[in-house]
There are 2 protein chains.
Amino acid sequence: MLRHTYEGQDCNLARALEIVGERWTLLIVRSALLGTERFEGFLDNLEIARNVLANRLARLVDHGLMERVPYQERPLRYAYRLTPVGRDLTRAVVALMQWGDRNLSRDEQPPRRADHLGCDGPVHATLCCSRCGREVRNEEVTVRSVR
Amino acid sequence: MLRHTYEGQDCNLARALEIVGERWTLLIVRSALLGTERFEGFLDNLEIARNVLANRLARLVDHGLMERVPYQERPLRYAYRLTPVGRDLTRAVVALMQWGDRNLSRDEQPPRRADHLGCDGPVHATLCCSRCGREVRNEEVTVRSVR
DNA sequence: GCTGTTGGGTTTCATGACGAGACCGAGATG
DNA sequence: CATCTCGGTCTCGTCATGAAACCCAACAGC
């Protein structure tokens, strides 16, 4: 939980970051996108403290990005699965990951890729103009306040 | 500065988050995309503490996302401008902001929009398949480890 | 020449989130 | 009956954060 909220902002980036901007949260989402479902699973592939993981998962469930479903009774055990809201972060996660690929990578081959199911081609994050339908480069975009 | 790095991860999302995942950093980038350039400017439109802002700007400059350029001598004053590396975060910022628009917004009209310069249509973040060229929905994408 | 203001910071200090590691409890396994 | 697995909670030290005070150089006004 963040100490001070961004609530004065009237900005959905700020609101998004209140949930997803905490340390570890986006890595948990990425792990879930890769298929991890269980508490110990997340512990194994992120080097996160157990208490922090418990806290983040609870917050993700509270905000509706994940759901906690029993995957067995006796002993009762839970899996954490992304909801459609959580899965909707794919664009943002891929965009950020590929920014890292382009600008921070030490080696040529990025360690993780997003692929198109079926066609199996590599997927990349882009900006697209809803009017003219074209792919838009960074320099061709402005961010504006509407209000 | 984060206390514990994500370095065991071999993941460019993790590396990206070490720079851009700190509290405030992405909001500073958004503010810069909206045109803010000066220290007092960032102070005005984010409710951030001065020391934290100084720290974040220094880190952004260190990592090459922003540059500190004098905009006047006598008295010497500096502006902070996004470099191409910083501007390359546009995709990710827009993706996250629009995730917020879709999933967290209280009102219909999102407070900020990305627009296509020239054509002036609204821009949205998408995933695009490099092979078949089509726009890819969230459910049609898998993230995979290559190594 | 004194006072105040503007811009861009640094210093000081408290507080609370984070991280490590121990502990816990229910059921399975040997 | 002891031990292991899974999914947590508890305790405690430490460090990043946030608020506020302070600093300094260059003016501007009187």
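Within any chain, residue numbers begin from 1 and follow the written order of that chain's sequence. A letter from A marks each chain and a number from 1 marks each ligand, given out in the order of writing. At least 70 in pLDDT is required for a residue's local features to be given in this predicted model, at least 80 for side-chain atom pairs to be given and counted, and no such filter applies to totals for whole chains, interfaces and linings, which use all residues.

Labelled according to an unreviewed UniProt entry, chain A appears under the name Transcriptional regulator, originating from Streptomyces alkaliphilus.

Enquirer: Tell me about the overall build of chain A, and name the residues and values.
Expert: Strands are runs of DSSP state E lasting at least 2 residues, helices are runs of H or I lasting at least 4, and numbering of each runs from the N terminus. Assigned secondary structure in chain A consists of 6 helices and 6 strands. Starting at the N terminus, the α and β elements of chain A follow one another as α-α-α-α-β-β-α-α-β-β-β-β. If one aligns the C-alpha atoms of chain A with their principal axes, the spans along those axes are about 55 × 40 × 30 Å. Exposure criterion: with C-beta atoms placed from backbone coordinates, a residue whose C-beta has 20 or more other C-beta atoms within 10 Å is buried, one with 12 or fewer is exposed, and one in between is partly exposed. Within chain A, buried positions represent 37% of all 147 residues. C-beta atoms are placed from the backbone for every residue, and two residues are taken to be in contact when these atoms lie within 7 Å. Contacts in chain A between residues far apart in sequence, at least 24 positions, make up 32% of those at least 6 positions apart.

Enquirer: Help me get a handle on helix 1 (residues 12–20) of chain B, residues and values and all.
Expert: Taking burial as the measure, the 9 residues of helix 1 of chain B include 8 buried ones, the bulk of the element. Close packing links the buried residues of helix 1 of chain B with helix 2 (25–33) and helix 6 (90–103) of chain A together with helix 2 (25–33) of chain B.

Enquirer: Summarise the packing of helix 1 (residues 12–20) of chain A against helix 6 (residues 90–103) of chain B; cite the residues concerned and give the values.
Expert: Each axis is a line fitted through C-alpha atoms, taken for helices only over the stretch in contact, and angles between the N-to-C directions span 0 to 180 degrees. Where helix 1 of chain A contacts helix 6 of chain B, the axes come no closer than 7 Å and their chain directions differ by 85°. The orientation of helix 1 of chain A with respect to helix 6 of chain B, classified from their angle, is roughly perpendicular. Counting all contacts with helix 1 of chain A, which are made through N12, L13, R15 and A16 of chain A, the residues of helix 6 of chain B involved are V93, L96, M97, W99, G100 and D101 of chain B. Looking at the contact of helix 1 of chain A with helix 6 of chain B residue by residue, the class counts come to 6 nonpolar, 2 polar and 2 charged. The cut-offs work like this: below 35 degrees is roughly parallel, past 145 is roughly antiparallel, 65 to 115 is roughly perpendicular, and the gaps in between are oblique. Any residue that is not Ala, Val, Leu, Ile, Met, Phe, Trp, Tyr, Cys, Pro, Asp, Glu, Lys or Arg is counted as polar, Gly included; the first ten are nonpolar and the last four charged.

Enquirer: Give a detailed account of the protein's contact with DNA strand D, specifying residues and quantitative values.
Expert: For each residue, a C-beta atom is positioned from the backbone; the residue is called near a molecule or strand if that atom sits within 6 Å of it. Surveying the vicinity of DNA strand D reveals 20 residues, the closest of which are N51 and A54 of chain A together with A49, R74 and P75 of chain B. Elements that contribute at least two residues to the surface near DNA strand D include exactly helix 3 (39–45), helix 4 (50–62) and strand 2 (77–82) of chain A together with helix 4 (50–62) of chain B. For the surface near DNA strand D, the class distribution of residues is 7 nonpolar, 3 polar and 10 charged.

Enquirer: Describe the UniProt feature "domain: HTH hxlR-type" (unreviewed entry) in chain A, with residues and values.
Expert: UniProt positions are given in the numbering used here, feature names are shortened, and annotations may be inferred rather than shown by experiment. Mapped onto the present numbering, the UniProt feature "domain: HTH hxlR-type" (unreviewed entry) falls at residues 11–108 of chain A. For residues 11–108 of chain A, helix accounts for 57% and strand for 13%, while the C-alpha atoms at its two ends are 36 Å apart.

Enquirer: Please provide a residue-by-residue account of the nonpolar core, values included.
Expert: The biggest cluster of nonpolar side chains holds 76 residues, and the ones touching the most others in it are L13 and V93 of chain A together with L13 and V93 of chain B. Those residues in contact with L13 of chain A, other than ones at most four positions away along the chain, are L26, L27, R30, V93, L96, M97 and G100 of chain B. In this description, a nonpolar core means buried residues of the types Ala, Val, Leu, Ile, Met, Phe, Trp, Tyr and Cys, linked to one another by C-beta atoms lying within 7 Å.

Enquirer: Go over the domain arrangement of chain A, please, and point to the residues and values.
Expert: A common measure of how large an interface is: the accessible area buried when the components associate. For the domain bounds, the source is a domain assignment made automatically or taken from a database. When cut into domains, chain A gives domain 1 (7–87) and domain 2 (90–140). Taking the mean C-alpha position of each, domain 1 of chain A and domain 2 of chain A sit 23 Å from one another.

Enquirer: Kindly report on the relation of the copies chain A and chain B, identifying the contributing residues and their values.
Expert: Least squares is the method used to superpose the copies, on C-alpha atoms of residues holding a pLDDT of at least 70 in both. Mapping chain A onto chain B leaves a residual RMSD of 0.0 Å; the transformation is a rotation of 180° accompanied by 0.0 Å of translation along its axis. What we have between these two chains is a two-fold relation.

Enquirer: Before we move on, could you go through the protein's contact with DNA strand C and cite the residues and values that matter?
Expert: Neighbouring DNA strand C are 20 residues; A49 and P75 of chain A together with R38, N51 and R77 of chain B lie closest to it. Looking at the surface near DNA strand C, the elements with two or more residues in it are helix 4 of chain A together with helix 3 (39–45), helix 4 and strand 2 (77–82) of chain B. Of the residues assigned to the surface near DNA strand C, the class counts are 7 nonpolar, 3 polar and 10 charged.

Enquirer: Can you explain the interface of chain A and chain B? Please cite residues and give values.
Expert: Contact residues are listed per partner, giving 69 residues for chain A and 69 residues for chain B. Broken down by secondary-structure element, the contributors of at least two residues to the side of chain A that touches chain B are helix 1, helix 2, helix 5 (84–87), helix 6, strand 3 (112–116), strand 4 (123–129) and strand 6 (141–145) of chain A. Per-element tally for the side of chain A that touches chain B: the top contributor is helix 6 of chain A, with 13 residues. Within the side of chain A that touches chain B, the residues separate by chemical class into 35 nonpolar, 17 polar and 17 charged. Two strands make a pair as long as DSSP finds a minimum of two bridges between them. One ladder, built from 5 bridges, connects strand 6 of chain A with strand 3 (residues 112–116) of chain B; its direction is antiparallel. Within the sheet, the bridge partner assigned to V143 of chain A lies in strand 3 of chain B and is A114 of chain B.

Enquirer: Help me get a handle on helix 2 of chain A, residues and values and all.
Expert: Residues and elements named next belong to chain A. In terms of burial, helix 2 is a largely internal element, 9 of the 9 residues being buried. Within the span of helix 2, buried status applies to T25, L26, L27, I28, V29, R30, S31, A32 and L33. Just past helix 2, the residue G35 takes up positive phi, approximately 120°.

Enquirer: Could you give an account of the environment of R23 of chain B, naming the residues involved and the relevant values?
Expert: Residues and elements named next belong to chain B. In this structure, R23 sits in the loop between helix 1 and helix 2. Given 17 C-beta atoms within a 10 Å radius, R23 is considered partly exposed. Along the backbone, R23 and I48 are 25 residues apart, and their C-alpha atoms lie at a distance of 10.0 Å.

Enquirer: Give a detailed account of unusual backbone geometry, specifying residues and quantitative values.
Expert: Positive phi, close to 80°, is recorded for W24 of chain A, a residue that is not glycine. Of note, the phi angle at D120 of chain B is positive, near 70°, even though the residue is not glycine. As for its placement among the helices and strands, D120 of chain B is situated in the loop between strand 3 and strand 4 (123–129).

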